Structures are given as C-alpha cells and as structure tokens.
Amino acid sequence: MKKYSLPPLPYAYNALEPVISAEIMTLHHTKHHQAYVNGANAALERLEKQRKGENPENIRGILRDLSFNLSGHKLHSVFWPNMAPPGKGGGAPGGAIADQINKDFGSFENFKKQFSDAAKNVEAVGWAILTYDAESETLVIYQVEKQNFMHPPDLPLLLTLDVWEHAYYLQYKNDRGAYVDKWWEVVNWDDVDKRFTKAKG
Ligand code: MN
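Residues numbered from 1 in each chain as written. Predicted model: local features only at pLDDT ≥ 70, side-chain atom pairs only at ≥ 80, totals over all residues. Heavy atoms only, no water.

**Some remarks on unusual backbone geometry**
Now for step 1: Backbone torsion omega between E17 and P18 reads 5°, so that peptide bond is classified as cis.
Now for step 2: Mapping P18 onto the fold places it in the segment before helix 1 (22-51).
Now for step 3: The residue K146 is not glycine, and still its phi comes out positive at about 55°.
Now for step 4: Mapped onto the secondary structure, K146 falls in the loop between strand 2 (138-145) and strand 3 (157-162).
Now for step 5: On the basis of relative accessible area, K146 is assigned to the partly exposed category, the value being 41%.
Now for step 6: In this structure, D154 is a non-glycine residue whose phi angle is positive, near 85°.
Now for step 7: Of note, D154 is situated in the loop between strand 2 and strand 3. (Helix = DSSP H or I, 4+ residues; strand = E, 2+ residues; numbered from the N terminus. Buried < 20%, exposed > 50% of the residue type's maximum accessible area, 1.4 Å probe, protein only.)

Have a look at this one:
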C-alpha cells in the first residue's frame, strides 16, 4: 500500500506573515499535520496486522484513530492551498464561486459573516468548512468538532479554516475572533474557485 505523506506547503513558512507567523506555520505543518499523517499510516498498519491475525486489539479503537488522523490529514491538505500570501490572497472572490456566493448568501459580506460566526463558535477545537452540494445546487457551511465530520459524506471541501488552538495561539493567544477576522486577508480565492468548479462538474 502507498503510504500517506506530508504535502509540501505551496509557499514559504513566513509567506503568510503578518497574518500567520512563520513559527505557527512551521509547527503546524511539520509537527501537527505530520502527526496526523503518521497516525493515519499507523492505524492502517494496525488494521493490516489484524487481518493477518497479529493484532488482537478492538477494531473500534483503530477505526477511530484512522478517522481522526486521516480527516486531519485531508483537512490540512486543503487548508494550506486555501491560503496565499497577503496581496495575492484576500480581497473578494471572483469567477463562478463569487456568483454562487451571491446567489446563496445574498452578498460576499453575508457569507463572510456567517462563515466567521461558524468558525468563532466551534465548540473547543475544530474547523469551519465550506462545501457545495451538487444535489441541491447550493453552498453549505458546516462546523467540524475536533476532526469529526458533522457534514454529510461526499460533499467536497472548498474552503477550510482550522480553529484548533495550535493554528493561532502563539500569535493571537485566546483571541480566536481576531485570528478569524484577520485570516480573510490570506484566503486564496483562485484555489477555492478551482475546487468549486470541479465540484460543480
Ligand atoms: Mn491544525
């Protein structure tokens, strides 16, 4: 089986400053994301051993670990390219995603407010995500608690915002709201639009 591996960042560790510090980006990518990659690979090895009769542990614990770590890997793999250095990122979206946001939320400002509210109000640690449901032809915002998905499977990740404390605490301390408000300056709308166009098919 091919192992999961840590994808490189599409920019330098200090590229998102002053919005997100190089120290946060370095730790977040090389320690936290790497740990999810390692955890997913380890869980799959435990499952493989179990198939060979070499691992008597309860399967439920293995599958929980797999879900947690693999979800962490997938979420972070979208989170990094969802961002771009200030100047390149930020501002208002263009293209098809802009039209869809206006259709579903009334305005970009309305969307930004609802997405920010979702992120700021995640209980403890988790994520705010934007998805697109091709069945109802609408954009949908969801919260993810920890890394446990509370949104229906098969909805693609278009935009993800990590609100675990490791994503902001070294710079913003306990002020998650300030981090969320500032984060809009590094959103890579070209990347979001690409994901949306693909999701629409
Ligand atoms: Mn994280």
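**Digging into the pairing of strand 3**
Now for step 1: Here strand 3 lies mainly inside the structure; six of its six residues are buried.
Now for step 2: Across five bridges, strand 1 (residues 126-133) lies against strand 3 in antiparallel orientation. Paired with A128 across the strands is L161, a residue of strand 3. (Pairing = 2+ DSSP bridges.)

**Points about the domain arrangement of the protein**
Now for step 1: Each assigned domain of the protein is listed here: domain 1 (22-79) and domain 2 (95-200).
Now for step 2: Measuring from the centre of the C-alpha atoms in domain 1 to the corresponding centre in domain 2 gives 23 Å.
Now for step 3: Between domain 1 and domain 2, the contact holds 15 residues from the first and 18 residues from the second.
Now for step 4: Carbon and sulfur atoms supply 68% of the area that domain 1 and domain 2 bury against each other, a total of about 1500 Å² over both sides.
Now for step 5: Joining domain 1 to domain 2, the criterion identifies zero salt bridges.
Now for step 6: Where the side of domain 1 that touches domain 2 is concerned, the elements lending two or more residues are helix 1 and helix 2 (59-79).
Now for step 7: Here the element with the most residues in the side of domain 1 that touches domain 2 is helix 2; it accounts for nine residues. (Domains from an automatic or database assignment. Contact = heavy atoms within 4.5 Å. Buried area = accessible area lost by both parts, 1.4 Å probe. Salt bridge = Lys/Arg side-chain N within 4 Å of Asp/Glu carboxyl O.)

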